[in-house]
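# Architecture and fold: a report
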Amino acid sequence: MLKDGELVGLSHSRSYEYDAGTIISLCSIDVDHADPGTEVTLVWGDEDSPNPKVERHEQTEISATVGTVPYSPDRRKGE
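Residues numbered from 1 in each chain as written. Predicted model: local features only at pLDDT ≥ 70, side-chain atom pairs only at ≥ 80, totals over all residues. Heavy atoms only, no water.

## Describing the side chain of His-33
For His-33, the location among the structural elements is in the loop between β4 (22-29) and β5 (39-44). On the accessibility criterion, His-33 (17% relative accessible area) is buried. For His-33, the contacting residues outside a window of four places in its chain are Lys-3, Val-8, Thr-38 and Val-66. (Helix = DSSP H or I, 4+ residues; strand = E, 2+ residues; numbered from the N terminus. Buried < 20%, exposed > 50% of the residue type's maximum accessible area, 1.4 Å probe, protein only. Contact = heavy atoms within 4.5 Å.)

## Focus: a negative patch on the surface
There is a patch of like negative charges on the surface, built from Asp-4, Glu-6, Asp-30, Asp-32 and Asp-35. Turning to its location among the elements, Glu-6 is positioned in strand β2 (residues 6-7). On the accessibility criterion, Glu-6 (47% relative accessible area) is partly exposed. (Patch = residues over 30% accessible without salt bridge, like charges linked within 9 Å, V, L, I, M, F, W, Y side chains within 5 Å. Areas by Shrake-Rupley, 256 points an atom, 1.4 Å probe, with all protein chains shown as cover. Salt bridge = Lys/Arg side-chain N within 4 Å of Asp/Glu carboxyl O. Lys, Arg positive; Asp, Glu negative; His and termini not counted. Charge placed at Lys NZ, Arg CZ, Asp CG, Glu CD.)

## Concerning the pairing of strand β3 (residues 9-17)
Summarising the sheet, β3 and β4 pair through eight bridges and their orientation is antiparallel. Directly across from Gly-9, in β4, lies its bridge partner Ile-29. Connecting β3 to the antiparallel partner β4 that follows it, the hairpin turn spans four residues, and Gly-21 within it adopts a positive phi of roughly 70 degrees. (Pairing = 2+ DSSP bridges.)

Written out as structure tokens, the structure reads:
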């Protein structure tokens, strides 16, 4: 994860969240860049993956916004 070209974090556990209608990824990010709404760039992919099941590909930069957890309201409490 980059901010102005500087490495500020690492993403993991990505998935498409149907109820939120978007792709989300948990991350570990420097405290200085962790405020919700902070714009960052996610470098997606691993060009030299040793995993034989990963297709050859180029890394792609994706714009992302730091968000809060949970991603959507907890409706189990009847709020």
